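Spelled out, the chains give:
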Amino acid sequence: MTDSIISVKNLAIGYAGYSVMKDVSFEVKQGELVGILGCNGAGKSTLLKSLRGMLPLQSGDVSYFSKSLKSYKERELAQKIAYLQQQVEVGFGFTAEEIVLAGRYPYIDWLKNEGERDRQIAHDCMRYTGTLELKDKPINNVSGGQKQRILLAKVLAQQTPILFLDEPTTGLDLVYQEEIFEFAKELSMMGKTILMVVHELDLAYKYCSRILLLGKGGILADSTPENVFQDSLLSTAYKADIHIIKNPLTGNIEVSAKAKQEEASLKHRLLEKICLGQYNKEG
């Protein structure tokens, strides 16, 4: 590991004066695969967008390679960080190759088209993600898993040292989910630094080198998966009764989650009212 290439100090982030997270500080070194976990609304995507400069910081500072985010011009920042957003909407008619070539935009002058080198990079990235044979297909005519691999090829074609992946496995089947994590692990081992919003706890445990667990308006835990995947920590973060079971043969984990007793009782009473019509005449 080299010195930190991402430094976050005393960060407060949110929307329109409302803070989602406060007093957030951490550093990330080259080659780390950092899984960002937490319940819905904890601030996972907000954190990534803020770190990328897509949302204004309420306070604090973010630095990349010892240079403040505020000092970067957009084109320069795009040569440092590639960002795969969740649920990317792609215009009708674009082919897979055109989508991947769009990842070369930080290096192409506005009045020029992509060159042979750009096309070679795009094809190599598609070949790596197993999508080169789809290059002439309209992006809207491929499966969800194929689309995610094409979009991953696009961010790889951007050739940045840092990758932000926001829920890259949402809506994918188990095979494609595991495949995306495999890609991320391989890339981190080659020196890419990856921050990845994750919902699949078992895959985060298996593949990530480090976990940022968000909750209560900040970071509840920041450590290795082994240290973070504790029943009490996860139960606090997800506001549920979480139990982790480790398979002694594979070393993988299984996650059991149940609503807390008081919430389960309330839901049961509401279910009886809804299904059995237990309302008074006025209600």
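Residues numbered from 1 in each chain as written. Predicted model: local features only at pLDDT ≥ 70, side-chain atom pairs only at ≥ 80, totals over all residues. Heavy atoms only, no water.

Participant: An account of the packing of helix 5 (residues 144–157) against helix 6 (residues 174–189) is needed here, citing residue identities and associated values.
Facilitator: Following both chains from N to C, one finds helix 5 and helix 6 inclined at 15°, their axes separated by 10 Å at the closest point. Of the possible angle classes, the one that applies to helix 5 and helix 6 is roughly parallel. When you trace helix 5 past helix 6, the crossing you get is right-handed. Where helix 5 approaches helix 6, its residues Gly 145, Gln 146, Gln 148, Arg 149, Leu 152 and Leu 156 are matched on the opposing element by Tyr 176, Glu 179, Ile 180, Phe 183 and Leu 187. In terms of residue class, the contact of helix 5 with helix 6 is made up of 6 nonpolar, 3 polar and 2 charged. (Axes fitted to C-alpha atoms, helices over the stretch in contact; angles between N-to-C directions. Helix = DSSP H or I, 4+ residues; strand = E, 2+ residues; numbered from the N terminus. Parallel < 35°, antiparallel > 145°, perpendicular 65-115°, else oblique. Left-handed = near helix turned anticlockwise from the far one by under 90°. Contact = heavy atoms within 4.5 Å. Nonpolar A, V, L, I, M, F, W, Y, C, P; charged D, E, K, R; others polar.)

Participant: An account of the packing of helix 4 (residues 116–128) against helix 5 is requested, with residue identities and associated values reported.
Facilitator: Running from N to C, helix 4 and helix 5 point in directions that differ by 140°, and their axes come no closer than 8 Å. By the angle between their axes, helix 4 is oblique relative to helix 5. Judged by the twist between their axes, the crossing of helix 4 over helix 5 is right-handed. Residue-level contacts link Ile 121, Ala 122, Cys 125, Met 126 and Tyr 128 of helix 4 to Ala 153, Leu 156 and Ala 157 of helix 5. Tallied by class, residues from the contact of helix 4 with helix 5 come to 8 nonpolar, no polar and no charged.

Participant: Before we move on, can you summarise the nonpolar core with the specific residues and values?
Facilitator: One finds Leu 51, Tyr 64 and Phe 229 to be the most contacted residues of the largest nonpolar core, which totals 82 residues. At 7 residues, helix 5 tops the list of elements feeding residues into this core. Aside from chain neighbours lying at most four places away, what touches Tyr 64 is Ile 5, Ile 6, Leu 51, Arg 52, Leu 69, Tyr 72, Leu 77, Ile 81, Ile 162 and Phe 164. (Core = buried A, V, L, I, M, F, W, Y, C linked by side-chain atoms within 4.5 Å. Buried < 20%, exposed > 50% of the residue type's maximum accessible area, 1.4 Å probe, protein only.)

By themselves, these figures tell us nothing about what the structure is for.
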